[in-house]
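Analysis of the macromolecular model
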Amino acid sequence: MGETPKKVQSDRCFICSTEIEKKEKIYIFGKSSFDFPGIISSCLDVNVSCYSATSKLSVCKVCYR
């Protein structure tokens, strides 16, 4: 069975919880050459695929780098 999605604050970075503005967000399930779900899974041992129904899941530019 997959993980149950938890409530995610769309105005905060998924990784560090820093508050981020819309123009500073990098969406995990957006168009990107990076496999953010795979990176998060390998680094944090968190399966984010259960959040794929929402496009609001994002990281800040600091965590992106």
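Cut-offs used in this document
- Residues numbered from 1 in each chain as written.
- Predicted model: local features only at pLDDT ≥ 70, side-chain atom pairs only at ≥ 80, totals over all residues.
- Heavy atoms only, no water.
- Patch = residues over 30% accessible without salt bridge, like charges linked within 9 Å, V, L, I, M, F, W, Y side chains within 5 Å.
- Areas by Shrake-Rupley, 256 points an atom, 1.4 Å probe, with all protein chains shown as cover.
- Salt bridge = Lys/Arg side-chain N within 4 Å of Asp/Glu carboxyl O.
- Helix = DSSP H or I, 4+ residues; strand = E, 2+ residues; numbered from the N terminus.
- pLDDT = per-residue confidence, 0-100.
- 1 Å grid on protein atoms, 1.4 Å probe; cavity = no way out; pocket = protein on both sides within 12 Å on 5 of 7 lines; lining within 4 Å.
- Points joined across faces, edges and corners; volume = space filled by probe spheres on them.
- Nonpolar A, V, L, I, M, F, W, Y, C, P; charged D, E, K, R; others polar.

1. A few points about a nonpolar patch on the surface
On the surface, a nonpolar cluster with roughly 270 Å² of combined accessible area is contributed by Phe34, Ile39 and Tyr64. Looking at the element boundaries, Phe34 is found in the loop between strand E1 (26-27) and helix H1 (36-44).

2. Regarding the confidence of the model for the protein
Taken residue by residue, the protein gives an average pLDDT of 75. The fraction at 70 or more is 75%. Mean pLDDT in the protein bottoms out at H1, which sits at 78, and peaks at helix H2 (residues 61-64), which reaches 85.

3. Remarks on the layout of surface pockets
Estimates place the volume of the largest pocket at around 150 Å³. Lining the largest pocket we find Ile15, Phe34, Phe36, Ile39, Ile40, Cys43, Leu44, Val59, Cys63 and Tyr64. Secondary-structure elements contributing two or more residues to the lining of the largest pocket are H1 and H2. Broken down by element, the residue count for the lining of the largest pocket peaks at five residues, all from H1. In terms of residue class, the lining of the largest pocket is built from ten nonpolar, no polar and no charged.

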